[in-house]
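# Working through the structure, step by step
Now for the letters of each chain:
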Amino acid sequence: MLYFNYKGILFPTISSSVKILNYLENEFQILDDDIVTVTYPKSGTNWMLEILGLIQHDGDPSWVRSLPVWDRSPWIETEDGLKKALADSPPRRLSSHLQFQIFPKSFLNSKAKIIYVMRNPKDVLVSHYHFSKSFKGFQDPGTIEEFLETFLKGDVPFGSWFDHVRGWMELKDRPNFFFFTYEELLHNPRDSVKKLGQIFGKTLNSQQIDSVVENASFHKMKDNKMSNFSQVPDKYFDHNTGNFMRKGVSGDWKNHLTVAQSEYFDRVYQEKMQHVNVTFQWD
Ligand code: PPS
């Protein structure tokens, strides 16, 4: 079985279990000085982690080039990531794709910071579609038409994009919750780096900001074997059929969805997002 179900949400069996998720939700302790990068899959998680790692080291790329991204900021819902997170000493950097309703409850009583990254869901769909063809923990997506239905229903690992964003956006007014979009990282990288620096309590000079932007660029990351997933063993990822660092652009959905499919997506989006009081760049 490729997936198991936890509270109505699908998860890849390859990396997690009900036991892990139950432990995380009810017992795992989020600490005050944790910084947790939270995303729906394929929204720019690893890009944000590269930027955060570079900011932490004043723009010096040696650290992000010497340690795999999953060791810099382990994914708490995976077996290996959870072990790493429990062994790491504070201040910890953690990552998660969990929906808010099953995120560790201890977060609510902590001052930990959440960096939430979102991306145009049509581009998320396309990125997910390609990734699913090569990542052995995800089901084959079928045709784009079939995957559109699967995605809109939320029958994908980590559940529905709409539930994910709606759940986390409930926290948007909390002082320890910060949200970013993939599109703003792409179009306004310097401002995003400055904003992130402030969250870290760091004031980077102009050269250091340039170095963060440059070293976290798509092409630099594609060449960084600690970030481009080339180290992921073949039993998890078929490196012959796909590339984790695929295109790194916004709007690739236009090359994949027909006008009718895009309009259908828009109708579902409007219905599901009508009560979310935030205007996104893609609205
Ligand atoms: S995962 O598997 O859920 O952790 O994937 P995630 O890191 O969230 O998202 C992968 C997509 O992000 C793109 N990416 C980037 N885009 C622009 N610049 C940089 N530096 C960058 N790094 C990663 C990556 O290419 C995936 O998007 P697609 O559209 O498939 O190219």
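Refer to the structure presented above.
First things first, this report covers the structure right here in the doc. (Residues numbered from 1 in each chain as written. Predicted model: local features only at pLDDT ≥ 70, side-chain atom pairs only at ≥ 80, totals over all residues. Heavy atoms only, no water.)

### Focus: the environment of Lys195
With respect to the helices, strands and loops of the structure, Lys195 is situated in helix 9 (residues 189–200). With a relative accessible area of 39%, Lys195 lands in the partly exposed category. (Helix = DSSP H or I, 4+ residues; strand = E, 2+ residues; numbered from the N terminus. Buried < 20%, exposed > 50% of the residue type's maximum accessible area, 1.4 Å probe, protein only.)

### A short note on the pairing of strand 5 (residues 113–118)
Taking burial as the measure, the six residues of strand 5 include five buried ones, the bulk of the element. Of the strand pairs in this sheet, strand 3 (residues 35–39) and strand 5 are connected by five bridges, and their pairing is parallel. Note that in strand 5 the partner of Val38 across the bridge is Tyr116. As paired elements, strand 5 and strand 6 (residues 177–181) share five bridges and run parallel to each other. Looking at strand 6, one finds that Ile115 is bridged to Phe178. (Pairing = 2+ DSSP bridges.)

### A few points about the sheet that holds strand 6
The sheet built from four strands is open, its strands ordered 4-3-5-6 with parallel pairing. Only two strands of the sheet have a single partner each, and these edge strands are strand 4 (93–96) and strand 6. Averaged over neighbouring strand pairs, the angle between their axes works out to 20 degrees when direction is ignored. As judged from the four bridges shared by strand 3 and strand 4, these two strands associate in the parallel manner. The residue bridging Val36 from the neighbouring strand is Leu94, located in strand 4. Here helix 7 (residues 161–169) sits on the sheet in contact with strand 3, strand 5 and strand 6, set at roughly 145 degrees to strand 5. (Axes fitted to C-alpha atoms, helices over the stretch in contact; angles between N-to-C directions. Contact = heavy atoms within 4.5 Å.)

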